[in-house]
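Listed here are the chains, written in short residue letters.
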Amino acid sequence: QVQLVESGGGLVQPGGSLRLSCAASGRISSIYAVAWYRQAPGKQRELVAIIRSGGGTNYANSVKGRFTISRDSAKNTVYLQMNSLKPEDTAVYYCNCGDVWGQGTQVTVSS
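Structural notes, computed from the coordinates. These numbers were taken from a predicted model, which means no experiment stands behind them. (Residues numbered from 1 in each chain as written. Predicted model: local features only at pLDDT ≥ 70, side-chain atom pairs only at ≥ 80, totals over all residues. Heavy atoms only, no water.)

**Section: the overall build of the protein chain**
So, point 1. Helix and strand content of the protein chain: 0 helices and 11 strands.
So, point 2. In the protein chain, the succession of helices and strands from N to C terminus is β-β-β-β-β-β-β-β-β-β-β.
So, point 3. Computed over C-alpha atoms, the radius of gyration of the protein chain comes to 13 Å, within 12% of the 13 Å expected from 2.2 N^0.38 for 111 residues, which places it in the range of a compact globule.
So, point 4. Overall, the C-alpha framework of the protein chain stretches about 40 × 25 × 25 Å when taken along its three principal axes.
So, point 5. Burial statistics for the protein chain: of 111 residues in total, 41% are counted as buried.
So, point 6. The contacts of the protein chain with a sequence gap of at least 6 include a subset with a gap of at least 24, amounting to 52%.
So, point 7. With an accessible surface of roughly 5900 Å², the protein chain has 47% of that area assigned to carbon and sulfur atoms.
So, point 8. For the protein chain, the distance from the average site of its 11 positive side-chain charges to the average site of its 6 negative ones is 5 Å. (Helix = DSSP H or I, 4+ residues; strand = E, 2+ residues; numbered from the N terminus. Rg over C-alpha atoms; globule rule 2.2 N^0.38 Å. Buried < 20%, exposed > 50% of the residue type's maximum accessible area, 1.4 Å probe, protein only. Contact = heavy atoms within 4.5 Å. Areas by Shrake-Rupley, 256 points an atom, 1.4 Å probe, with all protein chains shown as cover. Lys, Arg positive; Asp, Glu negative; His and termini not counted. Charge placed at Lys NZ, Arg CZ, Asp CG, Glu CD.)

Structural data, given as C-alpha cells:
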C-alpha cells in the first residue's frame, strides 16, 4: 500500500513562494496520475493541479500561471511550486494518487 506524505507548507506573505512535496513510501508508478487538492475552512475540497502518466498537466483556473506541478520519478516525489501566493490560496493542501490521500499540509498566506 502506497502512503503519501506532504511537506513544505507554512506561513508566507502575499506575493511569496512555497514548494510543496509529496513523497510516496512506495513506488508511484508512472502510469498513475498524481494530483494536488486543497480545502479552505468552510469550503469543499478542490482540485488544484494534476500531472498525468505522460507528463501532461492541468491546473485550476485560479492558479494557472502561478503554480507548477512536477514529478521526480527517481525520488518518488511530486512537487507543487507555488508563486505569487494570494490570501485566497490559504488552505490545507493534499496529495492524491488513486484512492490514496496524504495527511495534508497547511499553507497560510497572510501579512
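**Quick word on the pattern of salt bridges**
So, point 1. Within this structure, the stated rule accounts for 3 salt bridges.
So, point 2. Residue Arg 38 is joined to Asp 89 by a salt bridge in which the shortest nitrogen-to-oxygen separation is 2.9 Å. One end of the pair, Arg 38, is in strand S4 (residues 34-39); the other, Asp 89, is in the loop between strand S8 (77-82) and strand S9 (91-97), with 51 residues separating them in the sequence. The two residues Arg 38 and Asp 89 agree in class, both being buried.
So, point 3. Since its relative accessible area comes to 1%, Asp 89 is described here as buried.
So, point 4. Taken together, the shared-partner salt bridges connect Arg 38, Glu 46, Arg 66 and Asp 89 into one network. (Salt bridge = Lys/Arg side-chain N within 4 Å of Asp/Glu carboxyl O.)

**Overview of the state of the cysteines**
So, point 1. Taken as a whole, this structure holds 1 disulfide when the rule is applied.
So, point 2. The side chain of Cys 22 participates in a disulfide bridge whose partner is Cys 95; the two sulfur atoms lie 2.0 Å from each other. Judged by the torsion about the S-S bond (-80°), the Cys 22/Cys 95 disulfide is left-handed. Taken together, the residues Cys 22 in strand S3 (residues 18-24) and Cys 95 in strand S9 connect sequence positions 73 residues apart.
So, point 3. According to the relative accessible area criterion, Cys 22 is buried, its value standing at 0%.
So, point 4. Its sulfur unpaired, Cys 97 is 7.4 Å from the next cysteine sulfur, which belongs to Cys 95. (Disulfide = S-S within 2.5 Å.)

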